[in-house]
Amino acid sequence: MKRSFGRELIFMAIQTSINGKPVALAAEPDTPLLWVIREELGLTGAKFGCGIAACGACTVHVDGEPTRSCSLPVSEVAGKSITTIEGLKSADGTLHAVQQAWISAQVPQCGYCQSGQIMAAVALIEKTGSPSDAQIDEAMTNICRCGTYPRIRKAIHAATGQAAKAAKPAEGGA
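Residues numbered from 1 in each chain as written. Predicted model: local features only at pLDDT ≥ 70, side-chain atom pairs only at ≥ 80, totals over all residues. Heavy atoms only, no water.

A closer look at the overall build of the chain
A tally of regular secondary structure across the chain gives 6 helices and 5 strands. When the elements of the chain are put in sequence order from the N terminus, they spell out β-β-α-β-β-β-α-α-α-α-α. In the chain, which comprises 174 residues, the share counted as buried stands at 38%. In the chain, once contacts between residues fewer than 6 apart in sequence are set aside, the share between residues at least 24 apart is 55%. For the chain, the accessible surface area stands at approximately 9800 Å², while carbon and sulfur atoms represent 54% of it. (Helix = DSSP H or I, 4+ residues; strand = E, 2+ residues; numbered from the N terminus. Buried < 20%, exposed > 50% of the residue type's maximum accessible area, 1.4 Å probe, protein only. Contact = heavy atoms within 4.5 Å. Areas by Shrake-Rupley, 256 points an atom, 1.4 Å probe, with all protein chains shown as cover.)

Structure representation (structure tokens):
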């Protein structure tokens, strides 16, 4: 039951795509996308952290761009394609390479920020292919209060194959 607290509720019909499936949403235009994803669609991977788009725990992709969903009004996603962490794995259930690297590198401690971290890392890799440490530092602005940043970097490199390349001795080396 929604309460209006003395104001008239105005719902907007919004057509979008979430994790590759067309979805019709009915929500107040200023409702944060995060709440619609979690409460209306039951996709709870994206987390509420700060509510001001600072921490990144709520990161999803909107038309391929990492986006903080806690402060994005649902009205702004009409006609756009949204991917949540639940949409990263393949149809047969195979995890995305970044998710696999996260597990191998044992990145999470408390795990609260990790879905947002993974979504940011996937977007970075899709944009750059094999990001440098400087590119990782610039793009990965999500906050991890457990301080797993070195493991995040290691997992990003592993997901792009850079870890294997770095481990191999140079051809004709010294």
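So much for the structure itself; the text now carries on.
A short note on helix α5 (residues 149–160)
An ideal rise of 1.5 Å per residue puts 16 Å on 12 residues; α5 measures up with 17 Å between its terminal C-alpha atoms. Buried within α5 we find I152, A155, I156, H157 and T160. In the segment just after α5, G161 is the residue with positive phi, at about 85 degrees. (Expected span 1.5 Å × (residues − 1).)

What to know about the sheet that holds strand β4 (residues 65–68)
Overall, mixed pairing links the 5 strands, which are arranged β2-β1-β5-β3-β4 in an open sheet. Lying at the two open borders of the sheet, with one neighbouring strand each, are β2 (21–27) and β4. Within the sheet, the average angular offset between the axes of one strand and its neighbour, ignoring direction, is 40 degrees. On the sheet, helix α1 (residues 33–40) packs against β2, β3 (59–62) and β5 (81–83) and is oriented at approximately 100 degrees with respect to β3. Lying on the sheet, helix α3 (residues 114–128) is in contact with β3, β4 and β5; it crosses β3 at an angle near 35 degrees. (Pairing = 2+ DSSP bridges. Axes fitted to C-alpha atoms, helices over the stretch in contact; angles between N-to-C directions.)

What about the packing of helix α2 (residues 97–104) against α3?
Two elements in contact, α2 and α3, have axes separated by 9 Å at closest approach and are oriented at 125 degrees. What the angle tells us is that α2 and α3 run oblique. Between α2 and α3 lies a crossing of right-handed hand. Residues V98, Q99 and W102 of α2 lie in contact with α3, whose contacting residues are Q114, Q117, I118, A121, V122 and I125. Per-class residue counts for the contact of α2 with α3 are 6 nonpolar, 3 polar and no charged. (Parallel < 35°, antiparallel > 145°, perpendicular 65-115°, else oblique. Left-handed = near helix turned anticlockwise from the far one by under 90°. Nonpolar A, V, L, I, M, F, W, Y, C, P; charged D, E, K, R; others polar.)

Describing α1
Of all the positions in α1, only L33, L34, V36 and I37 are classed as buried. Buried positions along α1 lie against β2, β3 and β5. Immediately beyond the C-terminal end of α1, within one or two residues, lies G42, with a positive phi of roughly 70 degrees.

What to know about the pairing of β3
Every second residue of β3 is oriented toward a common face, with T59 and H61 on one face and V60 and V62 on the other, all of them buried. Note: β3 against β4, 4 bridges, orientation antiparallel. Of the residues in β4, the one forming a bridge with V60 is T67. Taken together, β3 and the strand that follows it, β4, pair antiparallel across an intervening segment of 2 residues, in which D63 is found at a positive phi of about 50 degrees. Here β3 runs beside β5; their pairing, made up of 2 bridges, is antiparallel. The partner of H61 across the bridge, within β5, is T83.

Geometric descriptors of this kind do not, in isolation, establish any biological role.
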